[in-house]
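# Analysis of the macromolecular model
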Amino acid sequence: MKQTDGTERNDAMQTDEDTMKVPIDEPQNEQQEVQELDEEAMVEAAIRAGEQAAEEELNNDIGRVRAERDELYQRLEECTDQVDAAQQKAADAIDRLARLQADWENFRRRTRQEREAERERAAEDLVLGLLPVLDDMERAVDHARQSDEQSDEYYQFVDGVAQVHDKMLGVLAKVGVEVIDPAGEPFEPLSHQAVGRVEDTEAYDETVAQVYQRGYRMGGKVIRAAMVTVTYGGPKRPAEDDATSDE
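Criteria and cut-off values
Residues numbered from 1 in each chain as written. Predicted model: local features only at pLDDT ≥ 70, side-chain atom pairs only at ≥ 80, totals over all residues. Heavy atoms only, no water. Helix = DSSP H or I, 4+ residues; strand = E, 2+ residues; numbered from the N terminus. Contact = heavy atoms within 4.5 Å. Areas by Shrake-Rupley, 256 points an atom, 1.4 Å probe, with all protein chains shown as cover. Phe/Tyr/Trp six-rings, centres within 6.5 Å; stacked < 30°, edge-to-face > 60°. Buried < 20%, exposed > 50% of the residue type's maximum accessible area, 1.4 Å probe, protein only. Core = buried A, V, L, I, M, F, W, Y, C linked by side-chain atoms within 4.5 Å. Pairing = 2+ DSSP bridges. Axes fitted to C-alpha atoms, helices over the stretch in contact; angles between N-to-C directions. Salt bridge = Lys/Arg side-chain N within 4 Å of Asp/Glu carboxyl O. Expected span 1.5 Å × (residues − 1). Patch = residues over 30% accessible without salt bridge, like charges linked within 9 Å, V, L, I, M, F, W, Y side chains within 5 Å. Lys, Arg positive; Asp, Glu negative; His and termini not counted. Charge placed at Lys NZ, Arg CZ, Asp CG, Glu CD. pLDDT = per-residue confidence, 0-100. Polar contact = N/O pair within 3.5 Å; in protein donor to acceptor, adjacent residues only side chain to side chain.

## Looking at the overall build of the protein
- A count of helices and strands for the protein gives three helices and six strands.
- Excluding contacts between residues fewer than 6 apart, the proportion of contacts in the protein whose partners are at least 24 apart in sequence is 68%.
- If you sum the accessible surface of the protein, you get close to 19,400 Å²; carbon and sulfur atoms cover 51% of it.

## Observations regarding the packing of aromatic side chains
- Tallied over the full model, the rule gives two aromatic pairs.
- A ring pair is formed by Y154 and Y155, whose centres lie 6.2 Å apart and whose planes are at 75°; its orientation type is edge-to-face.
- Look at Y154 and you get partly exposed, because its relative accessible area is 22%.

## Points about the nonpolar core
- In terms of nonpolar packing, the biggest core is built from nine residues, these being V127, L131, L134, L169, L172, V177, Y216, M218 and I223.
- Mapped onto this core, the elements with two or more residues apiece are α1 (2-145), α2 (152-174) and β4 (215-218).
- The element that contributes the greatest number of residues to this core is α1, accounting for three residues.
- Filtering out sequence-adjacent residues up to four positions away, V177 remains in contact with V127, L172, Y216, R217 and M218.
- By size, the runner-up hydrophobic cluster in this structure holds seven residues, among which are I180, F187, V211 and A226.

## Notes on the sheet that holds strand β5 (residues 221-224)
- A sheet is described by the order of its strands in space; here three strands give the open sequence β1-β4-β5, paired in antiparallel fashion. Edge positions in the open sheet fall to β1 (177-180) and β5, since each of these has one partner strand only. Strand-to-strand twist of the sheet, defined as the mean angle between neighbouring strand axes without regard to direction, takes the value 35°.
- In the sheet, β4 pairs with β5 via three bridges, with the strands oriented antiparallel.

## Focus on the pattern of salt bridges
- If you walk through the whole model with that rule in mind, you get 14 salt bridges.
- A salt bridge links R121 to E118; the shortest N-O distance between them is 2.5 Å. In this pair, R121 and E118 are both assigned in helix α1, three residues apart and thus about one turn of the helix distant.
- A relative accessible area of 43% places R121 in the partly exposed class.
- Between D136 and R139 there is a salt bridge; the shortest N-O distance is 2.6 Å.

## Points about the sheet that holds strand β6 (residues 226-232)
- Ordered by their spatial adjacency, three strands build an open sheet running β2-β6-β3, and the pairing between neighbours is mixed. Bordering the open sheet on either side are β2 (192-199) and β3 (208-213), each of which pairs with just one other strand. Neighbour to neighbour, the strand axes of the sheet diverge by 25° on average, direction disregarded.

## Thoughts on α2
- Helix length check: α2 (23 residues) gives 33 Å between terminal C-alpha atoms against 33 Å at 1.5 Å per residue, within 8%.
- Inspection of α2 places V158, A162, H165, L169 and L172 among the buried residues, and these make up the whole buried set.
- Positive phi appears at G176, one or two residues downstream of α2, with a value of about 90°.

## A short note on the side chain of H192
- Inspection of the secondary structure puts H192 in strand β2.
- Each residue touching H192, except ones within four places of it in the same chain, is listed here: I180, P182, P186, F187, V208, A225, A226 and V228.

## Observations regarding unusual backbone geometry
- The phi angle at E206 is positive, at roughly 65°, despite the residue not being glycine.
- Looking at the secondary structure, you find E206 in the loop between β2 and β3.

## Here we look at a negative patch on the surface
- A surface patch of like charges, here negative, comprises E77, E78, D81 and D84.
- With respect to the helices, strands and loops of the structure, E78 is situated in helix α1.
- Overall, the relative accessible area of 41% leaves E78 in the partly exposed class.

## What about the confidence of the model for the protein?
- Looking at the protein, the pLDDT average stands at 81 and 81% of residues meet or exceed 70.
- Predicted confidence in the protein is weakest over helix α3 (residues 240-246), with a mean pLDDT of 46, and strongest over β6, with 93.
- Long-range and interchain partners of residues 241-247, a stretch whose pLDDT sits below 50, account for zero contacts in this model, where long-range means more than four residues apart.

## A look at the environment of R109
- Here R109 is to be found in helix α1.
- The exposure class assigned to R109 is partly exposed, which follows from its relative accessible area of 37%.
- At 2.3 Å, the side chain of R109 and the side chain of N106 are in polar contact.

Shown next, in the form of structure tokens:
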């Protein structure tokens, strides 16, 4: 019986131990699982926090980049406006410079023309003042050569006056003065002044018969018309066009 009681006691004690082990093991597993769940939650929370922080930082970076971009765009627009304004000012300055250069060239040309015209007027006035002297010398030489004086001294004096007259004409020729001496030439109203008419049936009508006073031309301009007599009663002079066609 004792043995049986001992066995029963041992079995009872073992049963008690097994019974005691069960409630001890289950809470440890639950705590471990809870701990593992807490760690996973912490990791997930940390990941979410990191992702959120990264997202916020990325958003901040994007906002900052966009702000910098907008600022750069604004600066670019301002620089573009400044460049356009500078180009417009440069174009205006170039246009103003071109106008000033054109005005300067016009002024120089006008001044040069005025000076040339003034010089021509002064030279013309000088020549006109000398023409009566030349006329007197020509009349004196012509009268002297028609005189009955036969001495050598007299002829030498007349020849000297004639040489002085020719030298004066040479000097005037250097400044563009031309003598108009149209004896035997067709009458030209623009450069000849008719002071009389002479009947001549052998000469062409409207031909210069005699020159009373020679005319002068300077630079293509008639400064004094020649005083002449003109023939009439003769045949008509052939037209230049007809003569050219015949040739």
